[in-house]
Amino acid sequence: MPDRPVVTRIAPSPTGAMHIGTARTALFNWLYAKHTGGKFLLRIEDTDRERSTEAAVQVIFDGLAWLGLTPDDEPVFQFARAERHVLAAQELLAKGNAYRCYMSVEETTAEREIARAEGRAIRSPWRDADANVNDRPHVIRFKSPQEGETVICDKVKGDVTFQNKDLDDLILLRTDGTPTYNLAVIVDDHEMGITHVIRGDDHLNNAARQTQIYEALGWEVPVWAHLPMINGPDGKKLSKRHGAQAVSEFDEMGYLPEAMRNYLARLGWGHGNDEIFTDEQAASWFELEDVVGAPARLDWDKLNHLNNHYIRQAEIGRLADLVTKIHVSRDFPLHDGDQDILLRTIPLVRDGAKTMPELADATVFALKRRPLELTDKIKGMLNEETRARLGRLRQALGAQLAWEVSDLEAALRGFAESEGVGMGKFGPALRGVLSGGSPAPDLAGALVSLGKPESLGRLDDALSQAA
Ligand code: GLU
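Bear in mind that the values here come from a model prediction, so they are computed numbers and not experimental data. Note that residues are indexed from 1 along each chain, following the sequence as it is written. Totals for whole chains, interfaces and linings use all residues, but because this is a predicted model, local features are given only for residues with pLDDT of at least 70 and pairs of side-chain atoms are given and counted only at 80 or more. Neither water nor hydrogens contribute to the side-chain values; these are computed over all heavy atoms in the structure.

**Q** What is the right way to look at the side chain of Asp188 in this model?
**A** Relative to the helices and strands, Asp188 resides in helix 5 (residues 181–191). Buried residues are those whose accessible area, probed at 1.4 Å on protein chains only, stays under 20% of the maximum for their type, while exposed residues exceed 50% and partly exposed ones sit between those limits. Asp188 sits in the buried class, given a relative accessible area of 0%. The term polar contact refers here to a pair of N or O atoms within 3.5 Å; inside protein, the definition further demands a hydrogen-donor-capable atom paired with an acceptor-capable atom, and it admits residues adjacent in sequence only when both atoms are side-chain atoms. A distance of 2.6 Å separates polar atoms of two side chains, one belonging to Asp188 and the other to Arg81. Only 2.8 Å separates the side chain of Asp188 from the side chain of His85, close enough to count as a polar contact. By definition, residues are in contact when any of their heavy atoms lie within 4.5 Å. Setting aside residues no more than four positions away along its own chain, Asp188 makes contact with Arg43, Gln78, Arg81 and His85. Labels follow the DSSP assignment, with helices taken as runs of H or I lasting at least four residues and strands as runs of E lasting at least two, numbered in each case from the N terminus.

And the structure:
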């Protein structure tokens with residue numbers, strides 16, 4: 001293990017979406033850097049020029065920013081470093097660890113078939129014959145060891161052994177001189193001072209090849225930690241049909257970033273039975289050895305449970321801003337003063353909300369404009385007797401000065417007693433009049449959300465409507 005300070009990185013290829021697996025990889029790198037007092041870096045692997053648009057790169061910046069996983073340095077762009085990669089290939093050539101291979105496409109295909117039949121990796125006839133014979137198009141291949149084995153000491157998977165005879169001579173530079181992925185990754189990780197490579201286990205095979213190249217260059221091999229996949233709830237590869245797979249989709253569905261961090265941390269890592277923890281706790285506990293080797297499964301119930309927890313903890317002003325955004329996106333008409341209504345309403349309704357859209361739904365009743373449209377069901381409740389009772393209640397509430405939940409609960413109970421009836425005799429009608437049939441908190445809560453003038457106004461409207 002390198003005795004330098006820990007440096008981790010996330011190295012996404014911009015594809016236009018940030019997969020939840022990439023987010024989890026970023027989180028684990030971030031947690032491990034925090035745990036060790038090291039650094040967490042970002043490298044954009046933008047060598048696929050068609051896919052790596054500015055917008056696709058921005059998606060990664062936005063995803064990390066939303067998740068609160070801020071890199072400790074400016075991002076590194078892989079494409080811009082091609083010259084460095086070529087230099088490393090030349091160094092390998094000079095050392096005799098790489099060679100120019102002039103095999104044509106047809107020759108390579110033929111060799112691949114023979115190699116398959118013989119159960120070995122493909123080998124180029126130029127491996128030991130390279131003499132820069134001519135200027136025909138060629139690639140630069142790594143001269144990988146043919147005997148022995150390469151062992152990856154992986155923090156998650158344990159020791160993984162690869163037989164060298166099974167690993168072909170990797171292309172380092174293509175015919176057009178551009179570097180391949182495995183070369184670029186090694187050079188960049190080395191020059192960025194990366195001590196720990198924590199990434200998806202789809203890269204485990206690459207780790208074997210990369211180890212050989214590190215050794216050929218005489219560079220220190222980083223610590224490997226390959227993380228298992230995140231599958232859908234059914235244990236199959238996570239896909240669209242499981243509801244969401246991109247970070248932006250979880251944002252749009254109304255999950256809070258702190259809930260996502262907590263949830264993603266538990267996907268494949270754990271600290272005893274702790275389900276809910278702060279970032280600081282996760283960082284102080286996070287050891288790569290505790291990452292589970294088996295694939296994790298997305299569990300919507302757990303995510304919803306955690307999101308509800310964090311909605312209940314969140315600062316009200318922040319929730320009000322998020323709810324406002326949702327209403328705006330739905331073209332729900334908002335007015336001056338609605339912010340105050342939201343600040344009063346959210347504490348009373350948030351306990352039941354699993355997502356931000358659910359929280360927004362729960363505030364609709366309070367944001368409606370007078371006169372409310374009453375459903376037929378509510379109108380049906382407003383018979384003569386109930387109207388008369390609500391009229392008397394309106395008087396009582398008009399005289400009520402203290403307008404907190406407990407005061408209003410006491411006032412409503414007192415009113416029911418004075419009328420000699422149970423709450424059921426007027427509660428549902430009052431609720432209907434105050435909410436217009438939208439979901440609303442308990443009566444006292446609804447009165448507090450609306451405030452006194454609006455509550456009395458809604459009662460007056462209903463009572464003055466023709467029976
Ligand atoms: N760019 C690679 C990917 O997005 C990651 C490479 C790495 O982490 O080494 O899968």
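Anyway, onward from the coordinates.
**Q** Teacher, can you tell me more about the sheet that holds strand 4 (residues 98–101) here?
**A** Sheet strands pair via backbone hydrogen bonds, and the direction of the pair is either parallel or antiparallel. The strand order across the open sheet formed by three strands is 4-5-8, and the pairing between neighbours is antiparallel. What marks the edges here is a single partner per strand, and that holds for strand 4 and strand 8 (171–173). Geometrically, the sheet is characterised by an average inter-axis angle of 40 degrees between neighbouring strands, direction not taken into account. In this structure, strand 4 lies alongside strand 5 (residues 139–142), joined through four bridges in antiparallel fashion. When the sheet's bridge partners are listed, Arg100 is paired in strand 5 with Ile140. Between any two strands, pairing holds if DSSP finds at least two bridges. Axis lines are fitted to C-alpha atoms, over the contacting stretch for helices. Their N-to-C directions set the angle, which ranges from 0 to 180 degrees.

**Q** In this structure, what is going on with the site of the ligand? I would like to understand it.
**A** Every residue near the ligand is listed here: Arg9, Ala11, Pro12, Ser13, Glu45, Tyr181, Arg199 and His203. Backbone polar atom of Ala11 to a nitrogen atom of the ligand: 2.8 Å apart, as the coordinates give it. Here Arg199 contributes a side-chain N or O atom positioned 2.8 Å from an oxygen atom of the ligand. Calculation of accessible area relied on Shrake-Rupley with a 1.4 Å probe; when residues are assessed, cover is drawn exclusively from the protein chains displayed. Protein coverage of the free-state accessible area of the ligand, which is 300 Å², stands at 79%. Under the grouping applied here, Gly and all other residues not named as nonpolar or charged are polar, the nonpolar ones being Ala, Val, Leu, Ile, Met, Phe, Trp, Tyr, Cys and Pro and the charged ones Asp, Glu, Lys and Arg. Its residues placed into classes, the shell around the ligand shows three nonpolar, two polar and three charged. Here a residue is near a molecule or strand as soon as one of its heavy atoms is found within 4 Å of it.

**Q** Sorry, what's going on with the pattern of salt bridges here?
**A** One side chain can pair with another of opposite charge once the charged atoms of both are near each other. Salt bridges, as used here, are contacts in which a Lys or Arg side-chain nitrogen is within 4 Å of a carboxyl oxygen on Asp or Glu. Following the criterion strictly, the structure yields 33 salt bridges and no others. For Arg120, the salt bridge goes to Glu118, with nearest N and O atoms at 2.7 Å. Among the residues examined, Glu118 registers a relative accessible area of 53% and is labelled exposed. Salt-bridge contacts for Arg318 lead to Glu258; the nearest nitrogen and oxygen are separated by 2.8 Å. Of this pair, Arg318 sits in helix 11 (residues 316–329) while Glu258 sits in helix 8 (residues 257–266); the two residues are 60 residues apart in sequence, bridging distant segments of the chain. Taking the relative accessible area as the measure of exposure, Arg318 reaches 29% and is therefore partly exposed. Given a relative accessible area of 16%, Glu258 falls into the buried group. Via salt bridges that share partners, Arg9, Arg43, Glu45, Arg81, Arg84, Asp188, Asp189 and Glu191 belong to a single interconnected network.

**Q** What should I look at first to understand the sheet that holds strand 2 (residues 39–44) in this one?
**A** If you trace the three strands from one edge of the open sheet to the other, you get 1-2-3, paired in parallel fashion. Strand pairing shows two members of the sheet lacking a second neighbour, strand 1 (7–10) and strand 3 (76–77), which therefore form its edges. In the packing of helix 1 (residues 20–36) onto the sheet, the strands contacted are strand 1 and strand 2, and the crossing angle to strand 1 comes to about 165 degrees. Sitting on the sheet, helix 2 (residues 54–67) is in contact with strand 1, strand 2 and strand 3, with an inclination near 160 degrees to strand 2.

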